[in-house]
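# Descriptive structure summary
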Amino acid sequence: MAAIVRISSLCHRGVKPLFHRSSLLLRPLGVQQKDQDRPYQLTARIHGSPSLYSGSGSKAASLHWTGERVVSVMLLALGPAAYYIPGPAIDYSLAAAITLHSHWGIGQVLTDYIHGESKIKVANACLFLLSTVTFAGLCYFNHNDVGICKAVALLWSK
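Treat the numbers as computed from the prediction; the structure is a model and nothing was measured.

## Side note on the side chain of Glu 68
Mapped onto the secondary structure, Glu 68 falls in helix H2 (residues 58-84). When sequence neighbours within four positions are dropped, the list of residues in contact with Glu 68 reads Trp 104 and Gln 108.

See below:
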């Protein structure tokens, strides 16, 4: 049987707790006793990351999640399309999809690991700058050079 130890209970001896108590969530765990068939309840504390859509309801979060999945599936479809029918439309679609997919992925990492209001604002500003430069660079490459599809084909041919 696994033991559940709260790290924050060890931090009351003059050390600042890792998580603020207001951001901890309670979640019941069902654990089977050895001699009985019915589970008894334990309480585990879970750190909840702040939601980007907490004020706008679950509809916006659901649409965002669906959009992420659509972009992921679109990237899967653009791979073979880029191989079989390379062209400017596929190049620019790849530029947009890669940038958007990367932006959302890095945004989730920032949401999980950056804490503090000012740090979050700086990190998000840097993320928007990085995404803008990435998209502009890929579009510049598509317009002034061979494009993403042909560049990958040239890399594979050598």
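## So, helix H4 (residues 117-144)
Between its first and last C-alpha, H4 extends 40 Å over 28 residues, near the 40 Å set by a 1.5 Å rise per residue. Within the span of H4, buried status applies to Ala 123, Leu 127, Ser 131, Cys 139 and Asn 142. As for H4, its buried residues are in contact with helix H3 (88-113) and helix H5 (148-157).

## Quick word on the UniProt feature "binding site: a ubiquinone" (unreviewed entry) in the chain
According to UniProt, the positions carrying the feature "binding site: a ubiquinone" (unreviewed entry) are Tyr 113. When you line up the elements, Tyr 113 lands in helix H3.

## Digging into H5
Every buried residue belonging to H5 is among Ile 148, Cys 149 and Ala 151, and all of these are buried. Projected down its long axis, H5 shows its buried positions confined to an angular sector of 165°, all on one face. In this structure, the buried residues of H5 make contact with H2, H3 and H4.

## A few points about the nonpolar core
Within the largest apolar cluster, nine residues are counted, these being Leu 78, Ala 81, Ala 82, Ile 90, Leu 94, Ala 95, Ala 97, Ile 148 and Cys 149. If you tally residues by element for this core, the top one is H3, at four residues.

## Re the packing of aromatic side chains
The tally for this structure, following the rule as stated, stands at one aromatic pair. Pairing Tyr 83 with Tyr 84 gives two aromatic rings, centres 5.0 Å apart and planes at 85°, and the pair type is edge-to-face. Across the pair, exposure class does not vary: Tyr 83 and Tyr 84 are exposed alike.

## Observations concerning a nonpolar patch on the surface
Where nonpolar side chains cluster on the molecular surface, the patch consists of Tyr 83, Tyr 84, Ile 85, Val 152, Leu 155 and Trp 156 and spans about 800 Å² of accessible area. Structurally, Trp 156 can be placed in helix H5.

## Quick notes on the UniProt feature "binding site: heme b" (unreviewed entry) in the chain
Mapped onto this numbering, the UniProt entry annotates "binding site: heme b" (unreviewed entry) at His 101. You can see His 101 is positioned in helix H3. Ignoring anything within four residues of it in the chain, the contact list for His 101 reads Val 71, Ser 72 and Leu 75.

## Some words on the environment of His 103
For His 103, the location among the structural elements is in helix H3. Judged by relative accessible area, His 103 falls into the buried class, the value being 14%. Distance from His 103 to Phe 128, taken between C-alpha atoms, is 7.8 Å for residues 25 residues apart in sequence.

## A closer look at the pattern of salt bridges
Scanning the model with the defined rule gives two salt bridges in all. For Glu 68, the salt bridge goes to Arg 69, with nearest N and O atoms at 3.3 Å. Residue Glu 68 is classed as buried on the basis of its relative accessible area, which comes to 13%. Classification of Arg 69 as partly exposed rests on a relative accessible area of 37%.

## Some details on the confidence of the model for the chain
Of all residues in the chain, 64% have pLDDT values of 70 or greater, and the mean over the chain is 77. Least confident of the elements in the chain is helix H1 (residues 7-10), whose mean pLDDT is 44; most confident is H4, at 96. With pLDDT under 50 throughout, residues 1-13 is counted as low confidence; its partners more than four residues away or in other chains account for 12 contacts.

Cut-off values and rules
- Residues numbered from 1 in each chain as written.
- Predicted model: local features only at pLDDT ≥ 70, side-chain atom pairs only at ≥ 80, totals over all residues.
- Heavy atoms only, no water.
- Helix = DSSP H or I, 4+ residues; strand = E, 2+ residues; numbered from the N terminus.
- Contact = heavy atoms within 4.5 Å.
- Expected span 1.5 Å × (residues − 1).
- Buried < 20%, exposed > 50% of the residue type's maximum accessible area, 1.4 Å probe, protein only.
- UniProt positions renumbered as here; feature names shortened; annotations may be inferred.
- Arc of directions from axis to C-beta.
- Core = buried A, V, L, I, M, F, W, Y, C linked by side-chain atoms within 4.5 Å.
- Phe/Tyr/Trp six-rings, centres within 6.5 Å; stacked < 30°, edge-to-face > 60°.
- Patch = residues over 30% accessible without salt bridge, like charges linked within 9 Å, V, L, I, M, F, W, Y side chains within 5 Å.
- Areas by Shrake-Rupley, 256 points an atom, 1.4 Å probe, with all protein chains shown as cover.
- Salt bridge = Lys/Arg side-chain N within 4 Å of Asp/Glu carboxyl O.
- pLDDT = per-residue confidence, 0-100.

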